[in-house]
Amino acid sequence: MTSSAAAPERHVLEQACSAAGFDSDGAEPLRLAENQIWRLPHQRVIVRVAREGQSAAAAREVRVARWLAQENVPAVRLVDVEQPVEAAGRPVTFWVELPPQEHGSVQEVAQLLAQLHSLPTPDIELGYLDPFVRIRERLEAATTIRDDDRQWLHGLHRDLAAAWAERPAGFPDRAVHGDAWPGNIVRTVDGVLMMDLERFSVGPPEWDLVSTAVRARTTGAVSEHEYAQFCATYGYDVTEWEGYPVLAGARELRMTTYAAQHAASNEAWISEAQHRIDCLRGRSGPKPWSWNGIL
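Cut-offs used in this document
- Residue positions within a chain follow its written sequence, with the count starting from 1.
- Given that the model is predicted, a residue must reach a pLDDT of at least 70 before its local features are reported, and side-chain atom pairs must reach 80 or more before they are shown or counted; all residues, however, enter totals for whole chains, interfaces and linings.
- Where side-chain values are given, they derive from all heavy atoms of the structure, hydrogens and water being excluded.
- Any two strands are treated as partners once DSSP identifies two or more bridges connecting them.
- Secondary structure elements follow DSSP: runs of H or I of four or more residues count as helices, runs of E of two or more count as strands, with numbering from the N terminus.
- Here a residue-residue contact requires only that any non-hydrogen atoms of the pair lie within 4.5 Å.
- Each residue is assigned to one of three classes by its accessible area relative to the maximum for its type, calculated with a 1.4 Å probe on protein chains only: buried under 20%, partly exposed between the two thresholds, exposed over 50%.

### Looking at the pairing of strand β1 (residues 28-32)
- Sheet topology note: the β1/strand β2 (residues 36-40) ladder contains four bridges and is antiparallel. What sits directly across from glutamate 28, in β2, is arginine 39.

### Points about the side chain of threonine 219
- Summarising the element assignment, threonine 219 is placed in the loop between α6 (206-217) and α7 (224-234).
- In this structure, threonine 219 is in contact with Val214, Met255, Pro288, Trp289, Ser290 and Trp291, ignoring residues within four places of it in sequence.

### Describing unusual backbone geometry
- A cis geometry characterises the amide bond from glutamine 83 onward to proline 84, with omega recorded as 5 degrees.
- Tracing the sequence through the fold places proline 84 in the loop between α2 (55-70) and β4 (85-87).
- Proline 288 follows lysine 287 through a cis peptide bond whose omega is -5 degrees.
- Here proline 288 lies in the segment after α9 (270-280).
- With a phi close to 55 degrees, alanine 88 is a non-glycine residue in the positive phi region.
- Assessed through its relative accessible area of 45%, alanine 88 is described here as partly exposed.
- Here the phi dihedral of aspartate 196 falls at roughly 50 degrees; this positive angle occurs in a residue that is not glycine.
- Examined against the element boundaries, aspartate 196 turns out to sit in the loop between β9 (191-194) and β10 (201-203).

Pasting the structure below:
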């Protein structure tokens, strides 16, 4: 992005940094989309500028990060300033910059999830897990898919939402990460830690486990050996739970609508989105379906 295109975004950054006591000179844009990510290289600080209307979500993410630090759960850490800061109607948070990172292994995902799920539910406002958040909006934005596929996905959404409300009993509700895949549980020179805390909520721990199970059973991104290691490390195989098909179906729907939404603005996703729809509609044979994406 050119400096002129970044100028409006930089104004928000400068305002937020001034309010929090940081110098924004030399700030580097890492991502300028709905949510902006900036780096303050001289202070080793990452600045996250959320979109308007996300103040409550930003405040929840701050509460989660502070709770994880208190419980000694390895995770991204906040800079010690009062936050979030409001700038031009947008909530802004400040994070300690991480060293270079790579995806964690499935065993490392299981280890951190076991640690997280062993904790009592925190006495902070988290909200209850919604596995279908933004599904309707994604389908409305999915302008490249066929109308019959769109209507079928809407129907699947309705069926899964009804099944979710009547799902079998499982583990007691706990604080859950909400999007626990190896891209959000990463390895650095300092060890393995959680990042992307925006989906934290109270809900069934099985939801965090289903992410890896779907990557093994649905997409083939995780091998049978790796999945066996995951289950052994965590101490439980969620695919043996009678509620697994409902949660797996919700995860598969999320992954499919994610691709469909992105196909509308990125033609590289068009064939992948159609492939995922074809898989869900039974046009591509038995699972695993070898989806190209890892989400």
